[in-house]
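Chain by chain, the residues run as shown.
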Amino acid sequence: MAKHAQSLIDRLDQKVFDAIYSRSLVYNTCWEDPAVDRLALALRPHDRMLVIASAGCNVLDYALVAPAVIHAVDANPRQTALLELKLAGIRQLEFEDFFAVFGDGHHPRFGSLYRELLRAHLSPFARDYWDRHGHWFCEIDPGDSFYYHGLSGTVARGFRAYLRLRPALRSAIETLLESSSLEHQCRIYDRDVRPQLWGNGLNWVLSRQLTMSMLGVPHPQKKEVERQHERGVAGFVREAVDYVFRSLPVRTNYFWTLYLRGRYSADCCPEYLRPENFSALKRGLADRIEVHTCTVTEFLQGTRERISRFVLLDHMDWMSSYYPEALAEEWDAICERATADARVIFRSARREPDYLDALRLVDGRAVRDRLQFHEELSAALQVRDRVHTYAGFHIADIRA
Ligand SMILES: C[S@@+](CC[C@H](N)C(=O)[O-])C[C@H]1O[C@@H](n2cnc3c(N)ncnc32)[C@H](O)[C@@H]1O
């Protein structure tokens, strides 16, 4: 595969992306729907999983269906530091305190809880990181929350500041989030939110590479969206938001609600924040999670274990343009460690994972020839995805 021909702007954008990404917590929550993933993965008690950790929410979600082991892998040590903090919280905190920290996004006594109960259970990097960023969980300003920190959180904080300048839009969105029926939700969105929300200002902000970089979207991924959508990134996001608020019940959509409110609620939150699930994780399901700060390839080349379920998120969009050789090496390791009945799921800004076409394994075979895709199941699940910001959702069995 020819390396992505980089213009000066491209190289600059990539430098900016690498600079902010290599110093930051990018995802303070997982922006991929684990309820859809569970149906795609069809998890079994003996499954051994490799999951890219991101913010760790989905790792905790899969643990609730009790697979044998989940290897939570992420190359960004700040992402694994967040999962470590959640695991320490599950083991050391009572549910009310845990929900305040990761549900509300702040706790009045976070400092003492952290020092007395959590810090000792973290790795040196995670300890150093939360020593410096624990204040994100202390409500410095009224309405502040952990979910307004990190790169994606900073974009959410920017949108909150924008809504402060648009009180009519803000109250229309609040009414929308309170909707108890899809019919009422649609009416509020079409009549009050949509006409006020989409304007040149928001379109301009969404079409900036810096905004996308802060949302973890490097410019090859942004270019891909622009290539596929005649109205560019703003048009793509608008279409996704139209679908989410017109077709899926908002009252269970904890993804978009979080960034509009800065906090979860007891009846609109990830599964790990429900009391009965928190207890199940505390009673032992959380012990099935092993955290690894390294790349997917490094983990697979360093283990003798066989893996039956792979959750690769949309990280291949990151690698396919700039590191095709590294991606081919990663697929060699995946095929090498996969069980005979292994399954992989991943998302992409591309409808079709055509970046796999040119990838060759060391045995000369095309990666795509090792994959049996389930297009019908993907399509049937894609329409239920509450995040809905990925053009492609792919489910494939790895053939021998
Ligand atoms: C593209 S993001 C996916 C985030 C996801 N869409 C979400 O919303 O949670 C990729 C995640 O994978 C990690 N990552 C990227 N390339 C990786 C690799 N080769 N090995 C392990 N982790 C990787 C990044 O640190 C980041 O947390």
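First, a word on scope: everything that follows refers to the structure included in this document.

1. Here's the deal with the nonpolar core
Here is step 1: Grouped together as the largest cluster of nonpolar side chains are 133 residues, with contacts concentrated most on Phe102, Trp130, Phe310, Trp331 and Leu356.
Here is step 2: If you count residues domain by domain, this core takes at least three from each of domain 1 (8-143 + 269-398) and domain 2 (146-261).
Here is step 3: Excluding residues within four positions of it along the chain, Leu356 makes contact with Met316, Trp331, Phe346, Val367, Arg368, Leu371 and Phe373.

2. Remarks on the environment of Val244
Here is step 1: Mapped onto the elements, Val244 comes out in helix H14 (residues 232-247).
Here is step 2: Residues Val244 and Asp61, spaced 183 residues apart in sequence, show a C-alpha to C-alpha distance of 22 Å.
Here is step 3: Sequence-distant contacts of Val244, that is, excluding residues within four places in its chain, are made with Gln185, Asn253, Trp256, Arg386, Val387 and His388.

3. Observations concerning the packing of helix H4 (residues 77-92) against helix H6 (residues 110-118)
Here is step 1: Contact pair H4 / H6: the axes reach a minimum separation of 11 Å and the direction vectors enclose 80°. With respect to their mutual orientation, H4 and H6 come out roughly perpendicular. On H6, the residues touching Leu85, Ala88, Gly89 and Gln92 of H4 are Tyr114, Leu117 and Leu118.
Here is step 2: Residue classes in the contact of H4 with H6 are distributed as five nonpolar, two polar and no charged.

4. A word on the environment of Gly199
Here is step 1: Within the secondary structure, Gly199 is located in the loop between helix H10 (182-197) and helix H11 (200-206).
Here is step 2: Residue class for Gly199 comes out partly exposed when judged on its relative accessible area of 26%.
Here is step 3: A C-alpha to C-alpha distance of 10.0 Å links Gly199 and Ala234, two positions 35 residues apart in sequence.

5. Section: the state of the cysteines
Here is step 1: For the structure on display, the rule yields zero disulfides.
Here is step 2: The closest cysteine sulfur to the non-disulfide-bonded Cys30 is located on Cys57, 4.0 Å from its own sulfur.
Here is step 3: Take Cys30: its relative accessible area is 5%, and that puts it in the buried class.
Here is step 4: Looking at the unpaired Cys269, the closest cysteine sulfur is the one in Cys268, lying at 7.3 Å.
Here is step 5: We classify Cys269 as buried; its relative accessible area is 2%.

Criteria and thresholds
- Residues numbered from 1 in each chain as written.
- Predicted model: local features only at pLDDT ≥ 70, side-chain atom pairs only at ≥ 80, totals over all residues.
- Heavy atoms only, no water.
- Core = buried A, V, L, I, M, F, W, Y, C linked by side-chain atoms within 4.5 Å.
- Buried < 20%, exposed > 50% of the residue type's maximum accessible area, 1.4 Å probe, protein only.
- Domains from an automatic or database assignment.
- Contact = heavy atoms within 4.5 Å.
- Helix = DSSP H or I, 4+ residues; strand = E, 2+ residues; numbered from the N terminus.
- Axes fitted to C-alpha atoms, helices over the stretch in contact; angles between N-to-C directions.
- Parallel < 35°, antiparallel > 145°, perpendicular 65-115°, else oblique.
- Nonpolar A, V, L, I, M, F, W, Y, C, P; charged D, E, K, R; others polar.
- Disulfide = S-S within 2.5 Å.

Any functional reading would require information that these geometric values do not contain.
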